[in-house]
Amino acid sequence: MSLNEEQYENYVIGIFQELGYSDYYGPDIDRDYTNPFFESDLLPALRRINDKLPESALVEAIYKITDLGMGNPIQRNEIFTDYLQNGVTVKYFEGGEEKNTLVYLIDYKNIKNNRFAVINQWTIVEFEEKRPDIVVFVNGLPLSVIELKSPVREDTDIWHAYRQIKNYIQSIPSLFYYNSFCVIGDYVETRVGTLTSDEDRFVWWRTVDGNNIESDFIAPDVLFRGMFEKEKLLDILRNFICFSKKDNETAKIIAGYHQYFAVKKAVESTKNAVETNGKAGIFWHTQGSGKSLSMVFYSKLLQNALQNPTIVVLTDRNDLDDQLFGQFSKCSNFLRQIPQQAENKEHLKELLAGRQANGIFFTTMQKFEEANEALSDRKNIIVIADEAHRSQYGLEERINPETGKVTVGSALKVRQNLPNATFIGFTGTPISAKDRSTTEIFGNYIDIYDMTQAVVDEMTRPVYYESRVVSLHLDEKTLQLIDQKYDIIAEASEPYVVEKSKHQLGTLESVLGAPETIRTLCKDIINHYEDRQYLLTGKAMIVAYSRPIAIRIYKEILEQRPEWTEKVKVVMTSDNNDPEEWKEIIGPKKNKEKLAFKFKDNTDPMKIAIVVDMWLTGFDVPSLGTMYIYKPMHGHTLMQAIARVNRVFKDKEGGLIVDYAGIARALKEAMNDYTVRDRKNYGNTNVDETAYVLFKEKLDICRDLMHGYDYSAFKSESDKERADCITGGANFLLKTGEENEEKRKTFVKEVQALKQARSLSLSRLNGIQRREAAYFEAIRTILIRFSGGHGRLSIREINDQINELLKQSIKSEGVINLFSDVQKEFSLFDTEFLLEISKMKERNLAVEMLKKLIADQIRYYQRTNLVKSEKFSVLLQNSVNGYLNGMLTNEEIIEELLKLAKEIKQAHEEGDNLGLTSEELAFYDALTKPEAVKDFYENDELVAITKELTELLQKNQKIDWQKKESARAEMRRLVKRLLKDHRYPPDGLEYAIETVIKQCEQWTDNIDIAEFED
């Protein structure tokens, strides 16, 4: 049984009924349509929750949430969210004395004190009249909007629901002042996001209880049961929604399911650790899955759970300290306190000594000193250690065997200063099986969110590997030196080991920094990058072995590409001993912030960042697609670095690591500590063995599907010949028949896979492979435009898409115009265009073009003009059936369709000839559907009735009248009375009135339709 949108809506409402929500049908509620509140619930709920407060305080609270100031929807939503989570500050008088208090909008302690309701078809009138599918109310407040799309309609999917939500924010913004989050669904997929979320930030919620993850099956109920169970919903509203603010940018963030359940576990583990051994555990969520925000949610929830603890966030590097401090600072309103960063050792002492409660402090481990006396012996101090597996977190004392000097581990110094604190470790990479000290400090894993699940959930993208060490022509001796470097860094960076290895490292520096090697490296990077610069936004990162080598790479790139001065920049710390010429390249400390802003701006000309250590952890640029590594790295340091390219961004297939430092062995070793399925899925991501193999496989499939059509002309340098070859190929796949229909679907699917593999293996492709892939992708673009629900066809849009594709794929600078040199929309109402179609040699393509344009116009009529839609639907179906059954040739079907197009064009012009708008013409057609009617009335009289009927409906239209039977009955009564006044219908044609009534009902259902469906 098919499931239409109304049935899907009822299915979702049924889930809410099971969860104990009251449900209502919006049009049945008598209300002010400009007010988004469910008013009958609002004031009674506030009375129950705030039963000790006078009515005046509650009225003032309602006034304050109604008047949220003059800001944009995001600013007003932020104000309301604060009210929702923390209460509304009001003043009232009692016994002549003015008092201040809080009015709470939700009772978070007693769930039964709240009223939960779900209402479908909830109309709002503001800039436009809109009717979201489902709105979820708590205490009369519209906290969630749910937009659903039918799973059986091929021309709509979940992203149509997303675009509709975005349209609502513009047309009925007042509803979204109070919105906590939005849900979109098409039955197959259901996702959640906020009013600031882009498409790639509408995410899955895959579990009801945090234990059973539904990834392999369609589970349309899981998000609703997992988020809207009453207790869980209130928890999410209060503790797992925040605003992240910096400068002029504000993002509203809701925790993902993995963050929600893991943070809940972490808080319980911490509460237990405070009372026992001080080991809260290790929180391992793979890089890119929101670890920093998980820390924010954890810190917020912890404040209530432990009655205002002091939180110390610990890192081992200044740049990481700055990054985490920045994230917490952006969420300070949510945390209800301002984080502070220890400037030095003395400042750290000031922050901690004598403090009894509260405080979120950021410090590096190095600011803790050996101490005989504790800074604080309180038990409710929680130490959050970022990247908890680093060797610096050791508890042991180390002895240099050569000097006998004793070095105290940083973690031991922290313990000496905070002896009763509880420790929790957050990490984006797993703890090494060899690393026992980490679990000795923090305890066991609290929660694991591995690479595989993060990719499945589309929280991250997979990272692929491409080796180009051979391109550098390094000799065997140099390769052995690189291997020695890996052995050194694998020995946990013991100080005496590093000292002992300075000679080897110095030799490696001179070899890797040799002018000829740098010249070869930069030439290869440039060639590789120029193949990929059109992918995504062209952002790339080069990781240099050392600071001097970073400068040499920068200079050499500009030597080879002098016009790239704005494209490539060096990002690293400065030093007092730096050569003078470096200072201009590196710039002052503030320059780093400026460069970070530029690199994160996808439209900025800065595309390539050369780094050494900075930006390799905790720095997010979602569009970053390529990292060139010219630095031996190992273990978690390597895994953290390569994760810079795993962020989600639009249609990014994955990140690419280009290896010039022989990291393959280190990658394989690092993967040994990951989960079994991570090792299986991502243990080998070499493009030569994955993406390139897949590309060749898909290319062969596409060639087979095009068997029988000679597309060799696409190799031509003539734009005209290539354009003809593209349209000819599309024409070949548009042959009629069930078998060809299946072939077209397979072709579209296989070319999509080809495109994804191509984006990761570009450097491996030869010219012929690139051209063929570009050719198949161009044909796919045309097929999708002709077959899907993608709105009006535009020659300009198709040409632009294909020219951009060719520019990216084969660096074509030509301009291809398909079908025509006319740069405008395909239009049935353009005589020149119809003439051009009649002359097209690609007859299958001409048929599909006409079919789509006529079907689009009929679809429009189905919502605006009952008579025309019935007439033209029958004519189109008869023609298409004859064509599919082999009764009509290509020439005959084109002739039939052109004739039909001409009739539609004439019908379109009929209103102009009568002096009627398209809206009035629909009523005129209904009045005159029986041909005999014109024998009883002059045409002027019929036009007059039409205009009077249109005016009557416009004057009497009521909001939601198409949804209310009583309103529809009133509309029918008014129409019949008007027609009776004009003695319509004539005797013997009584049935004619039914057509008019149906047209009036259709008009009421679609009064906001000005053009084609979205």
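Report on the accompanying structure.

Cut-offs used in this document
- Residues numbered from 1 in each chain as written.
- Predicted model: local features only at pLDDT ≥ 70, side-chain atom pairs only at ≥ 80, totals over all residues.
- Heavy atoms only, no water.
- Helix = DSSP H or I, 4+ residues; strand = E, 2+ residues; numbered from the N terminus.
- Buried < 20%, exposed > 50% of the residue type's maximum accessible area, 1.4 Å probe, protein only.
- Contact = heavy atoms within 4.5 Å.
- Pairing = 2+ DSSP bridges.
- Axes fitted to C-alpha atoms, helices over the stretch in contact; angles between N-to-C directions.
- Core = buried A, V, L, I, M, F, W, Y, C linked by side-chain atoms within 4.5 Å.

1. Structural notes on the overall build of the protein
Argument step 1. Of the regular secondary structure elements, the protein holds 39 helices and 28 strands.
Argument step 2. Within the protein, the fraction of its 1014 residues that count as buried is 57%.
Argument step 3. Looking at the protein alone, contacts between residues at least 24 apart form 73% of all its contacts between residues at least 6 apart.

2. Considering the sheet that holds strand β9 (residues 181–185)
Argument step 1. The strand order across the open sheet built from seven strands is β1-β4-β7-β8-β9-β10-β11, with neighbouring strands paired in mixed fashion. For this open sheet the edge positions go to β1 (22–25) and β11 (203–204), each flanked by a neighbour on one side alone.
Argument step 2. Here β1 runs beside strand β4 (residues 116–120); their pairing, made up of four bridges, is parallel. For Ser22, the partnering residue across the bridge sits in β4 and is Ala117.
Argument step 3. Contacts from helix α8 (residues 230–239) reach β4, β7 (134–138), β8 (141–148) and β9, with the element oriented near 90 degrees to β4.

3. Focus on the environment of Thr781
Argument step 1. Inspection of the secondary structure assignment puts Thr781 in helix α30 (residues 767–787).
Argument step 2. Taking the C-alpha atoms as reference points, Thr781 and Val748, 33 residues apart in sequence, are found 8.7 Å from one another.

4. As for unusual backbone geometry
Argument step 1. Cis geometry is adopted by the peptide bond preceding Pro985, which originates at Tyr984 and carries an omega value of 5 degrees.
Argument step 2. Following the sequence through the fold, Pro985 ends up in the loop between α38 (965–981) and α39 (992–1005).
Argument step 3. Even without glycine at this site, Tyr187 takes up a positive phi of about 80 degrees.
Argument step 4. Among the structural elements, Tyr187 can be located in the loop between β9 and β10 (190–193).
Argument step 5. Using a relative accessible area of 27% as the deciding quantity, one classes Tyr187 as partly exposed.
Argument step 6. Its identity is not glycine, yet Arg336 carries a phi of approximately 65 degrees, on the positive side.

5. A few points about the nonpolar core
Argument step 1. Counting residues in each nonpolar core, the largest one holds 95 residues, and the members touching the most others are Phe181, Phe228, Leu237 and Tyr298.
Argument step 2. In terms of residue count, helix α9 (residues 257–275) provides more of this core than any other element does, nine residues in total.
Argument step 3. Setting aside residues no more than four positions away along its own chain, Tyr298 makes contact with Val263, Ala266, Val267, Thr270, Ile382, Ile384, Ile424 and Phe426.
Argument step 4. Counting 52 residues, the second largest nonpolar core, distinct from the first, contains Tyr692, Phe747, Phe776 and Leu888.

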